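For reference, the chains in residue letters:
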Amino acid sequence: MATVRALPSGNWQVQVRLKGFKPAQAVFPTKREAQAWGAETETALRKGAYLAPSELLFSEVIDRYLDTEYETKKRPNTHNGNVIKSKKVREHLGQYALKNITPAVISAYSEKRMQEVTRKGTPPSANTLRLELLLISAVFNRCVREWHLCTSNPVLFVDKPKCIARDRLLTEEEEGRL
């Protein structure tokens, strides 16, 4: 049964307790969100589909993100690009529990990723790493804002690689058109 109560801070705490299950609880800014989460969690517990945030692996969360992202993105190319990027991210961070991913882990991922060699025999570009960090950040933002699985986004505390601007010269034909 879900129990919702007001906190002195103005937020709402919800606790779900069912016989034979570990209690689950979360805090929300509105009573409506708390009640909705309570009902969802209670249903998931009864079906055996609920995993506490401490038990979730990052690979499970990124799979859930990619499944729900396809419905919300306007362009399929964005989703397809994220599926490709997620393979390297999952390879490095997939075995971590969601609660154990810290800015230090993300920073170590960045450094290790820049040491790798691509098919071309070169390290990945700064933009590739930037886009992978953007994907990880989007997953954590969804975890914080919609799924309430964690409280902050560790990618926000990691420096992003600086991308080198393209140095491109006009062709004679382009110059003539100007």
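Residues numbered from 1 in each chain as written. Predicted model: local features only at pLDDT ≥ 70, side-chain atom pairs only at ≥ 80, totals over all residues. Heavy atoms only, no water.

**Examining the packing of aromatic side chains**
For step 1, the next point in the chain: In total, this model carries two aromatic pairs according to the counting rule given.
For step 2, the next point in the chain: Centre to centre, the rings of Phe 28 and Trp 37 are 5.7 Å apart; their planes meet at 45°, and the pair counts as tilted. This pair shows no difference in class: Phe 28 is buried, exactly as Trp 37 is.
For step 3, the next point in the chain: Relative to Phe 140, the ring of Phe 58 lies with its centre 5.6 Å away and its plane at 20°, an arrangement referred to as stacked. With Phe 58 in helix α2 (residues 58-72) and Phe 140 in helix α5 (residues 126-145), the pair connects residues that are 82 residues apart, well separated along the chain. Exposure class is identical for Phe 58 and Phe 140. Each is buried.
For step 4, the next point in the chain: A cation over an aromatic ring shows up here: Arg 64 above the ring of Trp 147, its NZ or CZ 4.1 Å from the ring centre. (Phe/Tyr/Trp six-rings, centres within 6.5 Å; stacked < 30°, edge-to-face > 60°. Buried < 20%, exposed > 50% of the residue type's maximum accessible area, 1.4 Å probe, protein only. Helix = DSSP H or I, 4+ residues; strand = E, 2+ residues; numbered from the N terminus. Lys NZ or Arg CZ within 6 Å of the ring centre and 35° of its normal.)

**Let's talk about the environment of Leu 93**
For step 1, the next point in the chain: Relative to the helices and strands, Leu 93 resides in helix α3 (residues 76-93).
For step 2, the next point in the chain: When near neighbours in sequence (up to four residues on either side) are disregarded, Leu 93 contacts Phe 58, Ile 101, Val 105, Ile 106, Tyr 109 and Ile 136. (Contact = heavy atoms within 4.5 Å.)

**Considering the pattern of salt bridges**
For step 1, the next point in the chain: Tallying each qualifying case throughout the model produces seven salt bridges.
For step 2, the next point in the chain: Asp 63 is paired through a salt bridge with Arg 90; the nearest N and O atoms lie 2.4 Å apart. Placement of Asp 63 in helix α2 and of Arg 90 in helix α3 is noted, with a sequence separation of 27 residues between them.
For step 3, the next point in the chain: When its relative accessible area of 34% is taken as the criterion, Asp 63 is described as partly exposed.
For step 4, the next point in the chain: Relative accessible area serves as the criterion here: at 26%, Arg 90 is assigned to the partly exposed category. (Salt bridge = Lys/Arg side-chain N within 4 Å of Asp/Glu carboxyl O.)

**Considering α3**
Note on helix geometry: an α-helix contains 3.6 residues per turn, so any two residues three or four positions apart are oriented the same way.
For step 1, the next point in the chain: Helix length check: α3 (18 residues) gives 25 Å between terminal C-alpha atoms against 26 Å at 1.5 Å per residue, within 8%.
For step 2, the next point in the chain: Maximal helix bending in α3 amounts to about 30°, located at Ser 86.
For step 3, the next point in the chain: Every buried residue of α3 is listed here: His 79, Gly 81, Asn 82, Ser 86, Val 89, His 92 and Leu 93. (Expected span 1.5 Å × (residues − 1). Bend = angle between axes of the 7 residues up to and from the residue.)

**Describing helix α1 (residues 31-47)**
For step 1, the next point in the chain: For α1, spanning 17 residues, the distance from its first C-alpha to its last is 24 Å, which sits close to the expected 24 Å at 1.5 Å a residue.
For step 2, the next point in the chain: Among all positions in α1, only Ala 34, Trp 37, Gly 38, Thr 41, Glu 42, Ala 44 and Leu 45 are buried. Down the axis of α1, the buried set is contained in an arc of 165°. They therefore lie on one face. Pointing more than 90 degrees away from the buried face of α1 are the exposed residues Arg 32, Glu 40, Arg 46 and Lys 47.
For step 3, the next point in the chain: The inward-facing, buried residues of α1 abut β1 (2-6), β2 (12-16) and β3 (24-28). (Arc of directions from axis to C-beta.)

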